[in-house]
Amino acid sequence: MAKGAEGFSQGDAKKGAGLFKTRCAQCHTVVESEGNKIGPNLHGLFGRKTGSVEGFSYTDANKQKGITWDENTLFEYLENPKKYIPGTKMAFGGLKKGKDRNDLITWLKQEC
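Residues numbered from 1 in each chain as written. Predicted model: local features only at pLDDT ≥ 70, side-chain atom pairs only at ≥ 80, totals over all residues. Heavy atoms only, no water.

> Describe the overall build of the protein, with residues and values.
Of the regular secondary structure elements, the protein holds five helices and zero strands. Mapped from its N terminus to its C terminus, the protein presents α and β elements in the order α-α-α-α-α. Here the C-alpha radius of gyration of the protein, 13 Å, is about what a compact globule of 112 residues would show, namely 13 Å. Taken along the three principal axes of its C-alpha coordinates, the protein extends 40 × 30 × 25 Å. (Helix = DSSP H or I, 4+ residues; strand = E, 2+ residues; numbered from the N terminus. Rg over C-alpha atoms; globule rule 2.2 N^0.38 Å.)

Written out as structure tokens, the structure is:
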């Protein structure tokens with residue numbers, strides 16, 4: 001696939017679960033009843049607007065981004081969160097490999 005033409009494609013959910021555990025779980029949960037951590041709860045993520053989780057204190061940049069989370073917006077965001085939403089307080093450097101992002105998003109779709 002040509003550089004820049006990359007987008008989401010089905011990944012390996014089992015590998016995605018491992019990525020979530022090692023790279024995301026310290027700040028996020030996907031369990032509806034667990035509430036927010038350092039980052040917002042990701043339950044119900046797909047189809048939700050940026051900066052809209054009840055009770056989470058977002059930056060203005062995140063609230064004003066105005067996109068709806070889906071496979072493709074997450075694919076782009078997770079590569080470099082600070083580039084996608086300048087001013088976000090998410091201290092995550094991103095997942096540079098498209099395969100890792102596909103695996104993580106595939107797992108999130110199952111769990112959220």
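The structure having been displayed, the exposition proceeds.
> Now, about helix α1 (residues 13–24): what can you tell me, with residues and values included?
Restricting attention to buried positions, one finds in α1 the residues Ala13, Gly16, Leu19, Phe20 and Cys24. Along α1, the residues classed as buried sweep out an arc of 105° about the axis, all on the same side. In α1, the exposed positions angled more than 90 degrees off the buried face are occupied by Lys14, Lys21 and Thr22. Contacts made by the buried residues of α1 are with α5 (98–111). (Buried < 20%, exposed > 50% of the residue type's maximum accessible area, 1.4 Å probe, protein only. Arc of directions from axis to C-beta. Contact = heavy atoms within 4.5 Å.)

> For the side chain of Thr88, give the residues involved together with the corresponding values.
In this structure, Thr88 sits in the loop between α4 (81–84) and α5. A distance of 3.3 Å separates a polar side-chain atom of Thr88 from the backbone nitrogen of Met90. When sequence neighbours within four positions are dropped, the list of residues in contact with Thr88 reads Thr59, Ala61, Asn62, Tyr77, Pro81 and Lys82. (Polar contact = N/O pair within 3.5 Å; in protein donor to acceptor, adjacent residues only side chain to side chain.)

> Provide a residue-level description of the packing of aromatic side chains, including the pertinent values.
Tallying each qualifying case throughout the model produces five aromatic pairs. One aromatic cluster in this structure is built from Trp69, Tyr77 and Tyr84. One residue, Lys65, lies across the ring of Tyr84, its end atom 4.4 Å from the ring centre. Lying over the aromatic face of Phe75, Arg101 brings its terminal NZ or CZ to 4.1 Å of the ring centre. (Phe/Tyr/Trp six-rings, centres within 6.5 Å; stacked < 30°, edge-to-face > 60°. Lys NZ or Arg CZ within 6 Å of the ring centre and 35° of its normal.)

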